[in-house]
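What follows is the residue order along each chain.
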Amino acid sequence: MTSSLSRSRSRRAPSHIAVRVACVVLGGLVALGWLVLPLARAGGGSSVTVARSAPVIGQGAVAAGPGQDETATGDLVLPLVALGAAAVLGVYGYARRARRARTRTTPGGGGPHDVPAIGELDRRARRLLVDIDDCVRTSAEELGVATDQFGDGALEPYADALAYAKSELAAAFRLRQGLDDTAPGDSGVVLEEVIARCTDAGRRLDAEAAGFDQLRALERDAAGALEHAETRVRAIAARVPAAETALGELHKRYAPSACLPVAGHVEQAKDRLLTATARLDQARQALGRNDGGRAAAHLRAAEAAVGQAAVLVDGVDRLAGELGAAQERLPVALDAAEAELAQARGAGVSGGGGVPAGPVARAASLLAGVRRERGAGPYDPLDALRRVAAAGVALAGGRAGALLDHALLPARSVATTVADVVSTHPGVVESEARVRLAEAERLLAPGSLSALADIERADDLALQARRLAERDVRTYGNPSRGHEGDGPASFGGPRTRWRRIPHD
């Protein structure tokens, strides 16, 4: 809702502009009159003087000429100064008003320039959140590769830079989520802070990119890194058949919805491994030509591809473990929730107060539905555990410690699955999904949870993020979008991330 101050500004803005224009015009007319008046007076005075003194011809009359010229010249100085000052003030006032209209970012400022300014800030903030998030994820991936080669000690400055960038990015995501939650009136200030945080994170990573390249020295000596990458490709490829078998078993044991988050992971992992193998072959060919720059570029592309393949294979194994754990926990959680339900019903019958009838009826319906699903055939244990834990915690109140632990498993499973989608599709998942994922991860972090409401909100945000991420992947296609030039991403910020683009 527009405030009274904003509305009054909007009404006063045209009158202010009119007053400024009137002042400039009036000043110009006064200066022009001042300029013309001495000329008129000088012309009239000369004719009178000649008429009166026509009979007198002498040196005094001749001497009066220079004095009159000096007087006329002096009379012109002040009018010219006044006219110039009025023009300068007019130009300054117009330039200042135009600049303020262009740079205004707060809503309700009273001009048509406000809406495009806020819109541009919003677009820039969304773009930066995606770019910096991808920079952080890529930097973490290559830092992990380098850690395997050099150990933690040599990489401490770059790990510190990455931690700083993650912190700034997390703050930016939190600010953006706050805008979505509350929509404060001064959104321009919040968006500028989001942009500033993202920019600072990117600059820190950019500042460390050159030193990181010197440490890895891929352009000078890529042979060791090439062997390491080939070893990783073989190791991940050896895990693919087991992941494929595990995925088939998941389809047999559980409902289709339970397996949906990793349905295409095996095929995608195979594609990434094919890409990695092809890039490694190109890197070896470049090394044979002593083209270290191109070898480094192809090597980085191979490292990124095999890293994504590892994430995809790990995702299948992790979900299999989570579904198994949920299936084991479900009977215990059902018994605990049924006990809470019986206690709530008993308190209601005895007139001792306790849980209102509405929540009791909802909990009873949820628990009965889960028991029917378990007896009907394959079901989704994570979703069933989510509903049972929610029903039990709502009845137990402060006694819901164990049930809270049961509720955490489905929420963390969804958040991790979405994070895998973002990591394996750089540039594809838009800011909406990333913002909700970041907030879910913040709420699910150790030490952040305090009540069921936090877990439920984190779970809901993670589910929203999954729907949005899946929509983006469908929109842009399964393969990750590349940078112009089809080069690999490397450790660094937006200015240095694509520095290894090969130019064929």
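What counts as what
Residues numbered from 1 in each chain as written. Predicted model: local features only at pLDDT ≥ 70, side-chain atom pairs only at ≥ 80, totals over all residues. Heavy atoms only, no water. Axes fitted to C-alpha atoms, helices over the stretch in contact; angles between N-to-C directions. Helix = DSSP H or I, 4+ residues; strand = E, 2+ residues; numbered from the N terminus. Parallel < 35°, antiparallel > 145°, perpendicular 65-115°, else oblique. Left-handed = near helix turned anticlockwise from the far one by under 90°. Nonpolar A, V, L, I, M, F, W, Y, C, P; charged D, E, K, R; others polar. Salt bridge = Lys/Arg side-chain N within 4 Å of Asp/Glu carboxyl O. Buried < 20%, exposed > 50% of the residue type's maximum accessible area, 1.4 Å probe, protein only. Expected span 1.5 Å × (residues − 1). Polar contact = N/O pair within 3.5 Å; in protein donor to acceptor, adjacent residues only side chain to side chain. Core = buried A, V, L, I, M, F, W, Y, C linked by side-chain atoms within 4.5 Å. Contact = heavy atoms within 4.5 Å. Phe/Tyr/Trp six-rings, centres within 6.5 Å; stacked < 30°, edge-to-face > 60°. Lys NZ or Arg CZ within 6 Å of the ring centre and 35° of its normal. pLDDT = per-residue confidence, 0-100.

(A) A look at the packing of helix α4 (residues 156-182) against helix α5 (residues 187-216). Packing of α4 against α5 leaves a shortest axis separation of 9 Å and a crossing angle of 165°. Classified by the angle their axes make, α4 and α5 are roughly antiparallel. Handedness of the α4/α5 crossing: left-handed. When its residues are assigned to classes, the contact of α4 with α5 shows 18 nonpolar, 2 polar and 8 charged.

(B) Structural view of the pattern of salt bridges. For the structure shown, the criterion picks out 40 salt bridges. The salt bridge involving R457 is made with D181; its shortest N-O contact spans 2.9 Å. Placement of R457 in helix α14 (residues 452-476) and of D181 in helix α4 is noted, with a sequence separation of 276 residues between them. On the basis of relative accessibility, which here comes to 33%, the residue R457 falls in the partly exposed class. Classification of D181 as partly exposed rests on a relative accessible area of 42%. A salt bridge links D213 to R500; the shortest N-O distance between them is 2.8 Å. Here the residue D213 occupies a position in helix α5, and R500 occupies one in the segment after α14, the gap between them amounting to 287 residues. Taken as a pair, D213 and R500 share a single burial class, namely buried.

(C) Region of interest: helix α11 (residues 381-396). In this model α11 runs 22 Å from its N-terminal to its C-terminal C-alpha over 16 residues, within 8% of the 22 Å that 1.5 Å per residue would give. Its side-chain oxygen placed 3.2 Å from the backbone nitrogen of L382, D380 serves as the N-cap of α11.

(D) The arrangement of the nonpolar core in detail. Counting residues in hydrophobic clusters, the biggest one holds 53 residues, and the most contacted among them are L299, L330 and V388. Taken together, the elements giving at least two residues each to this core come down to α6 (223-253), α7 (256-259), α8 (265-288), α9 (292-350), α10 (357-376) and α11. Broken down by element, this core gets its largest block of residues, 19 residues, from α9. Once residues within four sequence positions are removed from consideration, L330 is found in contact with V370, R374, Y379, A384, L385 and V388.

(E) Spatial organisation of α4. A rise of 1.5 Å per residue sets the reference length of α4, with its 27 residues, at 39 Å; its end C-alpha atoms lie 39 Å apart and thus fit the reference within 8%. Buried within α4 we find Y158, A161, L162, A165, E168, L169, A172, F173, R176, Q177 and L179.

(F) Broad picture of the environment of D281. Position of D281 among the secondary structure elements: in helix α8. C-alpha of D281 to C-alpha of A302: the two residues are 21 residues apart in sequence and 9.5 Å apart in space.

(G) The side chain of T424, seen in detail. Along the chain, T424 turns up in helix α12 (residues 401-424). What makes T424 buried here is its relative accessible area of 1%. From its side chain, T424 meets the backbone oxygen of V421 in a polar contact 3.4 Å long.

(H) Region of interest: unusual backbone geometry. For A217, which is not a glycine, the phi torsion comes out positive at approximately 55°. With relative accessibility at 12%, the residue A217 sits in the buried group. Unusually for a residue other than glycine, N290 sits at a positive phi of about 60°. Examined against the element boundaries, N290 turns out to sit in the loop between α8 and α9.

(I) Local environment of the packing of α11 against α14. Interaxial distance between α11 and α14 falls to 11 Å at its minimum, and their mutual angle equals 155°. When the axis of α11 is compared with that of α14, the two are roughly antiparallel. Seen from above, α11 lies across α14 with left-handed handedness. Across from R386, A390, V393 and A394 in α11, the residues of α14 making contact are L452, E456, D459 and L463. Residues belonging to the contact of α11 with α14 are distributed by class as follows: 5 nonpolar, no polar and 3 charged.

(J) Representation of the packing of aromatic side chains within the structure. Within this structure, the stated rule accounts for 3 aromatic pairs. Relative to F212, the ring of Y158 has its centre 5.5 Å away and its plane inclined at 80°; by these criteria the two rings are edge-to-face. Placement of Y158 in helix α4 and of F212 in helix α5 is noted, with a sequence separation of 54 residues between them. Overall, the relative accessible area of 10% leaves Y158 in the buried class. Relative accessible area serves as the criterion here: at 0%, F212 is assigned to the buried category. The interplanar angle of 15° and the centroid separation of 4.4 Å between the aromatic rings of F212 and F491 together place this pair among those described as stacked. With a gap of 279 residues between them, F212 in helix α5 and F491 in the segment after α14 connect regions that are remote in the sequence. F491 shares its class with F212; the two are buried. Site record: aromatic cluster; members linked through ring pairs are Y158, F212 and F491. Stacked on the ring of Y164, the Lys or Arg R204 has its end atom at 5.2 Å from the ring centre.

(K) Looking closely at the side chain of D213. Take D213: its relative accessible area is 15%, and that puts it in the buried class. At 2.8 Å, the side chain of D213 and the side chain of R500 are in polar contact.

(L) Representation of the confidence of the model for the protein. Summary statistics for the protein give a mean pLDDT of 80 and a share of 71% for residues scoring 70 or more. Here helix α1 (residues 4-52) stands out as the element of the protein with the lowest mean pLDDT, 46, in contrast to helix α13 (residues 431-444), whose mean of 97 is the highest. Counting contacts from residues 100-116, a segment whose pLDDT is below 50, to residues more than four positions away or on other chains yields 22 contacts. Counted against residues more than four places away or in other chains, residues 480-485, with its pLDDT under 50, gives 14 contacts.

(M) Just the environment of L334, in detail. With respect to the helices and strands, the residue L334 is situated in helix α9. Of the residues examined, L334 reaches a relative accessible area of 0% and is grouped as buried. Along the sequence, L334 and G392 sit 58 residues apart, while their C-alpha atoms lie 8.2 Å from each other. Setting aside residues no more than four positions away along its own chain, L334 makes contact with L367, V370, R371, R374 and V388.

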